[in-house]
Structures are given as structure tokens and as C-alpha cells.
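# Report on the structure
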Amino acid sequence: MKKIHKSKFRWTVFILVIGVIISFFLSLSTGIIAISPVEVVQTILHDGTARQEMVLFDFRLPGIILALFIGAGLAVSGSILQGVTQNELADPGILGINTGAGLAVVLFLFFFQGDLEPTNTSSIFLLPIFAFIGALVAAGFIYLLAWKKGIDPIRLVLVGIGINAAFSAFLVIFQLKMDPQNFRQATVWLSGDIWNTNWMFVLSILPWIITLIPVTISKAKTLDVLTLGDEVAAGLGSKIEKERVTLLFLAVALAGASVAAGGAIAFLGLIVPHITRKIIGPLHQYIIPISTLIGGLLLIIADMIAKNLLQPTQMPVGIIVSILSAPYFIYLLMKTK
Amino acid sequence: MLHTINHSTFLRLLINIFSFIALLLSIGFSIALGAVDIHLNTVWNALFHFDSEVTSHQIIQELRLPRAFAAVLVGAFLAISGAIMQGMTRNPLASPSIMGVTEGSALALVIMLAFFPAASNSGLIIASFIGAGLAVTMVFMIGSFSKGGLTQVKLALGGVAISTMLSSISSLISLHFQLERQMGFWMAGGLADTNWNSIQLLLVCGAIGLTLAISMSKSITILSLGDDIASGLGQNNMLIKILGIFSVLLLTGAAVSIAGPVGFIGLIVPHITRFIMGTDYRWIIPSSAIFGGLLLVLADVVSRLVNAPYETPVGAITSLIGVPFFLYLARGGGTK
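Notes on the structure in this doc start here. Bear in mind that the values here come from a model prediction, so they are computed numbers and not experimental data. (Residues numbered from 1 in each chain as written. Chains lettered and ligands numbered in written order. Predicted model: local features only at pLDDT ≥ 70, side-chain atom pairs only at ≥ 80, totals over all residues. Heavy atoms only, no water.)

## A look at the environment of Gly 256 of chain A
Residues and elements named next belong to chain A. Just so we agree on the cut-off: Under the scheme used here, helices are H or I runs from DSSP no shorter than 4 residues and strands are E runs no shorter than 2 residues, and both carry numbers assigned from the N terminus. Burial classes follow relative accessibility: with a 1.4 Å probe on protein chains only, a residue under 20% of its type's maximum area counts as buried, one over 50% as exposed, and anything between as partly exposed. Throughout, a contact is declared for two residues whenever any of their heavy atoms are within 4.5 Å.
Within the secondary structure layout, Gly 256 lies in helix H11 (residues 240-262). Take Gly 256: its relative accessible area is 0%, and that puts it in the buried class. Residues Gly 256 and Ile 133, spaced 123 residues apart in sequence, show a C-alpha to C-alpha distance of 7.8 Å. Excluding its chain neighbours within four sequence positions, the residues that come into contact with Gly 256 are Ala 101, Ala 131, Phe 132 and Ala 135.

If you want it as C-alpha cells, here you go:
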């Protein structure tokens, strides 16, 4: 049985990696300036025009890699949250963690008036840290307010919705105090925007993704145990509360870094774990890597749609993700008790 | 149920009279405070001895008076809608803003602006009615057709799902047709741009909606005991529910199309009213109207003062008041 699982896992990873590579090339070759896949290969082999090189390496490539990272980060964050809270409808967006991160970033822009120009390196690298703090504050509030002799999954979601509303209200208040230039930037960025990016953003999220996702994979067994429920977990001898808090930290850090790099993208962290569980079953040692790949793949595809759907208008990718995944969310909502 | 006996009619009448006086006073303050502070005496004169030569009288007549009236009516309408929804569904979280009315109305508005730019003002308002109604209907459907029925969580999450989807579609359209600025104004608008035309619309919808709501308040009380009991008592639940939804649509549709997003009034006011007035909707509905109006007039005053001379969206203020209450309900308060 286990062997079958393992080979299925390998096949799934293989297919998904191929999918990511194909979508990578497709995304590289589409956009306002058409560059055919053949030309993309030529350019990668240093055989393209200077103009093609600039479009591909300075504009499209960082965006696509960023989409891959953000998608992966949000998907893993959602997988952890759903496992830890034993609630299939948990997601960093719904719980207000993304809004917390967003508020922190807006406050940062507001108080330091730091603009996100490529030249301003330090503020780009500080951004994920601020976002993490904001996400942590939101998560702390949710945890405290949902605590009533333990954490009830339903109460957690409801409290999350409330916290989300409060943070959004503060967001509106501070956004309106910004000057129009920063205001526009903040608005577009908050609706989940990765097309207007550069390599600095990729570098700022990279350390978070390459350290936190492997750590999460190493905790997969603990997640399995926690998913079984508190009583079973305690019976099996895990120090549940401590492990739960560590895992929540990981989820919050991943969400915070993703939001700092790409804005608040709703529902991705919710649906990817569901799709993953459907494919590979309930074991987290498989769920986390597959979620990483599916999350990245979906966001690259959504980004491609966002860039090309209503040319020449470029949509923030977050809007496309919401429109595509809300129906699936509603389906899940109607199906679960 | 024993709870209600303590509320003598006299006491309830007294509370209503007091809160009505408070409402009148707050309207006075709302007119007096603003970019230019006007003395309350002048407010009185402008209302009862209007002199078109005096600038402050004109400000009051043309800007502040309609704004204060709109705040009263919008607050009252949202509160009544919330009371009807909570009474009919017995769900403590039922209220217009949680069920996506704002986003529905915004989407309808953006569609009109993008595809029918020649539409008249009343056309826009009718569209935003329909949008609000569709959003509520969708959230209701999700709740009612799902496993386990219309629970608190279903309603709240269904609202989140529909709101996010609708608002994403509106941003898609508004970005493509470059309507962000107009929509931004509407979303942040609050009550700043109200004039006598908006008041007319509110009054017409309100007259129908309120008459309906008050005339069926007794039936809502019975319905709030449970569908089975109500039909056992010989009540036509279906008819009451349809009439109830109709009046909710009229009242919230009018309120949202004038004031944009004003959250949480419809959620908290009915709870406070039930706490003070008991469980009889013949009292809850009129008192909700007074309390809701009072709350929104005050919130509107706060929104003008908090960051003067700039206005803060009144919806942000009402959210900040409403969220602690929502959290209290989410933690299981207010349910028996």
C-alpha cells in the first residue's frame, strides 16, 4: 500500500514539474509584446535581440518566478492551517492573516513614505519582515479571541472573519491618508499584483520560501498527528500545544512573506490543499510538496490569464484567482457540514 | 420568554421617546459640526426662519440637512433589514453587510457605468437595487441548499465567498473601463454627496418597506419562534418570508445605493434592541429604526471629526464599532 502511494507521489511530482515548466514557457512567450516559444529558447541561449532579452529577463521572468514562490507559499500556509485547526475551510486570507500583513505593509509605506522603487533595496527587504509582524499580530488576536477552553474550528473561522473586517477598516483609514501616488500603489498591490515586479522582490521572498517549506516538510508527521484531533495526538505523546504553535508560526511566516511580495491573494491557500488531498490522500509528507507545486502552477497560470485576458489592461492576478476559485470554495462550503 | 414580561409597555415607550429625543439632538449636532462650525442657534433659525441671504443657512439647507436626514434614514433602514433577517432566519449573524449587498450593488453600478454610460441616475439606483438583491439571494441559496442548513458559519463564509467574487468582477470591469476613480468615490463615499433627490428616493422606498415591515412584525415574532411552531399556529410562512425578503430588498437597496458600504449597523442594532426591548418584533422594528438612525448619525459625525478637515469613510467607522460586537457573537454570546 505504502509503495503504491510512493510511486503515485513520484508520478504526480513528475507531471506537475512538467506542467510548471510548460506554463513557464507559455507565460514567457505571451504578453503585449509577442515572443514565440522558439524565440524564447533562442533568447535563453543568448541568441535573441536586446529588446527580447530585456522583456524576458527584466520583466517577465521575475514575475513568473515570483508567482511560483507566492503560490507555493500561500498553498503551504493554507495546508498547515487546515491541518492544525482541523478545519477544511481555513485559509490565511479568510482568517485575516493576509489583511494583517497588508495593513503592516501599508503602515510601513505610510510612516516611512518609503517607495517601492527598485533602487530602494533596504525597504524591499524590510517589507517581508514587517508583513510577518503584521500577520503575526493578526494571528495572535485570532488565537486569543477564539480561545475559550480550547480552540473550536468554527469559532476560529468566525473570529477570523471579524478580525479581517477590523483590519480592513484600518486599512481604508490609513490608505486614504496617503498621498495619491502611494494610495494607488497600495490599492493595486493589495488586490494581489505581481506583474509590475523586479528581481529585488524575488530575492526578498526567496530566503523565506527555501527555508520555511523544507522545515514544514520535516514537520509533516506532526501535522498528520495533529489532524487526527487533540485527544489522539495527546495519546500518541506529542506535545500538542507547542507543536501547534510552531506550525502556526510557519504558516504565518509563509503567508506574511507571500503577501509582502505579491499582495493579498484570496482563496489560493484554501483550494490548493483540497485539490492536493483529492489527488494524493491525507498524508502531509505528500501534501506539502504537492501543494507547493500546485500552488505555484496555479498562480503562474492565473498570472498568465491576468496579463492577457483584457489586453492592454493588465489585471492584478489576485482578482483572477478570486474569480476562478470562489466557485470552488462555494462548492466546498455547500458540501461540508 | 419570561424575560419579556419585565418590559412594561410604559417603560418601552419611555425608552423610545428618550432615544427619539437623543436622535433629534444628534441631528442638531450633525448639522452644526463640520468644515465650518455653525452655532446651534443658527441651525434652529435656518430650519424655522430660513433666510436665503445668509450663507450658513444655505449650507444647512443644501448640504448638512439632507446629509443628516440621509444618515437617519440609511441607519434606520439597515437596522430594520437586519432585524427582519435575524427574526426570519433565527441566525444571529444575519445582516445585510455580511451577505454581500455592498459588493452586489457595486458590481451592478460598475456594469451600468461601463456598458450603459447613458443611464440616468434613477437607472443606476435601480441597478444597484438589483445587484444588492442578487447578492443576498445567492448567499441565502448557498446557506439553504448546503448540508446542515443555514448555520452561522455557512452564512458568514458564504458572504465572504460571494463578496470576494463580486468585488473581483467589479474591479476587473472597472480596471478595464478605467472607472476605478468613480468606484473609489462610491466605495469611500459614505454620506458626503447626499442631496434632496437621494432623500426622495429613500422616502419612497422607506414608505413601502417600513409599512410592510411594521404590518408583518407580529408574524415575524411568531416566525422567530421557529418555522414549525409558526406553521402550527396557522401562519403562512412562505408568504411572510417572501414579503420579508421584499421589504429587506427595498430598504437595503435604497440605503446602499445612497450611502455605499456601511457595514455592521444591520448586525449590531437588532441585537442591542432585542436586549433592551425583548423579543416582540412589534417593538423591535420601530426601536431598531430609531437606534439605527442614531448610531449612523453619530458615526457620520465621528467620520467628519476624526481626521478633519478630511472625511474618513463612515463605513470604516461603523466597522470598527461593529467588529467587537461581531467577535462577541462569534464567541457564542447572544445565542441561547
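Still to come is the rest of the account.
## Notes on empty space enclosed by the protein
Residue and element names in this part refer to chain B. Defined as follows: Buriedness of a pocket was judged along seven lines, with at least five required to meet protein on both sides within 12 Å; pockets are open sets of points on a 1 Å grid over the protein atoms alone, cavities are sets where a 1.4 Å probe fits but cannot get out, and lining residues have an atom within 4 Å of a point. Grid points are joined across faces, edges and corners, and a volume is the space filled by probe spheres set on the points. Residues were grouped as follows: Ala, Val, Leu, Ile, Met, Phe, Trp, Tyr, Cys and Pro as nonpolar; Asp, Glu, Lys and Arg as charged; and all remaining residues, including Gly, as polar.
For the structure shown, the criterion picks out two cavities of 30 Å³ or more. Space inside the largest cavity adds up to approximately 50 Å³. Lining the largest cavity are Leu 78, Pro 96, Ser 97, Val 101, Thr 102, Ala 255, Val 256, Gly 260, Pro 261 and Val 262. If you list the elements that add at least two residues to the lining of the largest cavity, you get helix H4 (101-115) and helix H11 (237-259). Classifying every residue of the lining of the largest cavity by side-chain character gives seven nonpolar, three polar and no charged. When contributions to the lining of the second largest cavity are tallied by element, the ones reaching two or more residues are helix H3 (55-89), helix H5 (121-145) and H11. Here the element with the most residues in the lining of the second largest cavity is H11; it accounts for three residues.

## Looking at the pattern of salt bridges
Residue and element names in this part refer to chain B. How we decide: One side-chain nitrogen of Lys or Arg within 4 Å of one carboxyl oxygen of Asp or Glu is enough to make a salt bridge.
In the structure shown here, the tally under the stated rule is five salt bridges over all chains. Salt-bridge contacts for Asp 300 lead to Arg 67; the nearest nitrogen and oxygen are separated by 2.8 Å. Residue Asp 300 is located in helix H13 (residues 281-305), and its partner Arg 67 is located in helix H3; the two are separated by 233 residues in the primary sequence. The burial state of Asp 300 is the same as that of Arg 67; both residues are buried. Across the pair Asp 300 and Arg 304 runs a salt bridge whose closest N-O atoms are separated by 3.3 Å. Within this pair, Asp 300 and its partner Arg 304 are both found in helix H13, separated by four residues, close to a single helical turn. For Arg 304, a relative accessible area of 10% corresponds to the buried category. One continuous salt-bridge network, built from bridges that share partners, spans Arg 67, Asp 300 and Arg 304.

## Side note on the nonpolar core
Using the following cut-off: Working definition of a nonpolar core: buried Ala, Val, Leu, Ile, Met, Phe, Trp, Tyr and Cys residues. They are joined through side-chain atoms within 4.5 Å.
Membership of the largest hydrophobic core comes to 210 residues, with the highest contact counts inside it found for Ile 80 and Ile 97 of chain A together with Leu 157 and Leu 296 of chain B. Here the element with the most residues in this core is H3 of chain B; it accounts for 17 residues.

## Overview of H11 of chain A
All names here are of chain A. Worth spelling out the cut-off: One fewer than the residue count of a helix, multiplied by 1.5 Å, yields its expected span.
When the terminal C-alpha atoms of H11 are compared, their 33 Å separation across 23 residues agrees well with the 33 Å that a helix rising 1.5 Å per residue should span. Within H11, 17 of the 23 residues are buried, leaving the element largely enclosed by the surrounding structure. Following H11 by one or two positions, Gly 263 has its phi on the positive side, about 85 degrees.

## As for the environment of Thr 99 of chain A
All names here are of chain A. Looking at the secondary structure, you find Thr 99 in helix H4 (residues 97-112). Here the alpha-carbon distance between Thr 99 and Leu 293, two residues 194 residues apart in the chain, equals 24 Å. Residues within four places of Thr 99 in sequence aside, it is in contact with Asn 164, Phe 167, Ser 168 and Leu 171.

## Side note on the interface of chain B and chain A
So the rule is basically this: Reported buried area values correspond to the accessible surface (1.4 Å probe) lost by two parts on association, with both partners' losses combined.
Across the contact, 38 residues belong to chain B and 45 residues belong to chain A. When the buried area of chain B at its contact with chain A is split by residue, Leu 157, Leu 172 and Arg 331 of chain B rank highest and sum to 20% of it. In this structure, the connection of chain B to chain A is made through zero salt bridges. Mapped onto the side of chain B that touches chain A, the elements with two or more residues apiece are H5, helix H6 (152-176), helix H7 (180-189) and helix H14 (314-330) of chain B. The element that contributes the greatest number of residues to the side of chain B that touches chain A is H6 of chain B, accounting for 17 residues.

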